[in-house]
Amino acid sequence: MLSSDKLNYIEGVQKHAKRVATTTIVLSVIVLTILIVIHSIINHRKLADIIYNPFFLVIVLILSFFFFILYRGRQRALKLQKLIEQMSEEEFLFLLQIQSSLSFHYKHAPTFVLCCEQLYLFTPFKIKNIDPKKVEKVRWHYARGGSLLVEIQSPETTKFEVYNSVYPYFTSLIEMYNPNADIEKYE
């Protein structure tokens, strides 16, 4: 049986996934409409002629990209929901602490979570599982929009983005599981 806080958070994750899906669909329709109209005006063609034009391939590729974004968002939301269901109360409280430092748009889309003493990183193309006890080195570089590109060296090197407000939580987590890890502090 899940606590009401966990159920509320899972509901927030599902709402966030729906907002991302709606935004992606609206943007894809707008972009594709603009591209089709511009192409039709420039080439003085009717919409029926576009299907036989190589430009149609570009439209299909753009649609594929938007569907990939939808698929990844849904996959991420489902994995996060499963992890929240399996979290201990301490791990969930840690997630809520992290959530408190994020803006409204990202409160239900963390870039990392701790579940069953395993670290799960949500990278753009996959969800990676790392044992926090095996993290040897953590480095960061400035990225775009108030983010940091974090490089973790455990048996293999992994890079992912994290907001600068969340980086101290991440380093405290690594220090808790591996006090000997070489961690670059963010000032």
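Shown above is the structure to which this text applies.
Attention here is on the structure that accompanies the text. Note that the coordinates shown come from a computational prediction; the quantities given were computed from them, not determined experimentally. (Residues numbered from 1 in each chain as written. Predicted model: local features only at pLDDT ≥ 70, side-chain atom pairs only at ≥ 80, totals over all residues. Heavy atoms only, no water.)

**Regarding the packing of helix α4 (residues 89-100) against helix α5 (residues 167-177)**
Next, step 1: Between α4 and α5, the shortest axis-to-axis distance is 9 Å and the interhelical angle comes to 155°. With respect to α5, the axis of α4 lies roughly antiparallel. Residues Phe94, Gln97, Ile98 and Ser100 of α4 form the contact with α5, whose participating residues are Tyr169, Ser172 and Leu173.
Next, step 2: Taken together, the residues that form the contact of α4 with α5 break down as four nonpolar, three polar and no charged. (Axes fitted to C-alpha atoms, helices over the stretch in contact; angles between N-to-C directions. Helix = DSSP H or I, 4+ residues; strand = E, 2+ residues; numbered from the N terminus. Parallel < 35°, antiparallel > 145°, perpendicular 65-115°, else oblique. Contact = heavy atoms within 4.5 Å. Nonpolar A, V, L, I, M, F, W, Y, C, P; charged D, E, K, R; others polar.)

**Considering the sheet that holds strand β1 (residues 112-115)**
Next, step 1: Taken together, three strands build an open sheet; the order of strands is β1-β2-β3 and the sheet is antiparallel. At either end of the open sheet lies a strand with only one pairing partner, and these are β1 and β3 (127-130). Taken over all neighbouring pairs, the strand axes of this sheet differ in orientation by 25° on average, direction set aside.
Next, step 2: Bridge analysis of β1 against strand β2 (residues 118-122) gives four bridges, and the strand direction is antiparallel. Its bridge partner lying in β2, Leu114 is registered against Leu119. (Pairing = 2+ DSSP bridges.)

**Here we look at the state of the cysteines**
Next, step 1: Taken as a whole and judged by the stated rule, the model has zero disulfides.
Next, step 2: The closest cysteine sulfur to the non-disulfide-bonded Cys115 is located on Cys116, 3.8 Å from its own sulfur. (Disulfide = S-S within 2.5 Å.)

**A short note on the pairing of strand β5 (residues 147-153)**
Next, step 1: In terms of strand pairing, strand β4 (residues 137-142) meets β5 through six bridges, oriented antiparallel. Among the inter-strand pairings, Lys137 is bridged to a residue of β5, identified as Gln153.
Next, step 2: Strand direction decides the pairing type here: β5 and strand β6 (residues 157-163), joined by seven bridges, are antiparallel. Each bridged residue has a counterpart across the sheet, and for Leu149 the counterpart in β6 is Glu161.
Next, step 3: Taken together, β5 and the strand that follows it, β6, pair antiparallel across an intervening segment of three residues.

**Some thoughts on the side chain of Thr24**
Next, step 1: As for its placement among the helices and strands, Thr24 is situated in helix α1 (residues 4-43).
Next, step 2: Of the polar contacts made by the side chain of Thr24, one reaches the backbone oxygen of Val20; its length is 2.7 Å. (Polar contact = N/O pair within 3.5 Å; in protein donor to acceptor, adjacent residues only side chain to side chain.)

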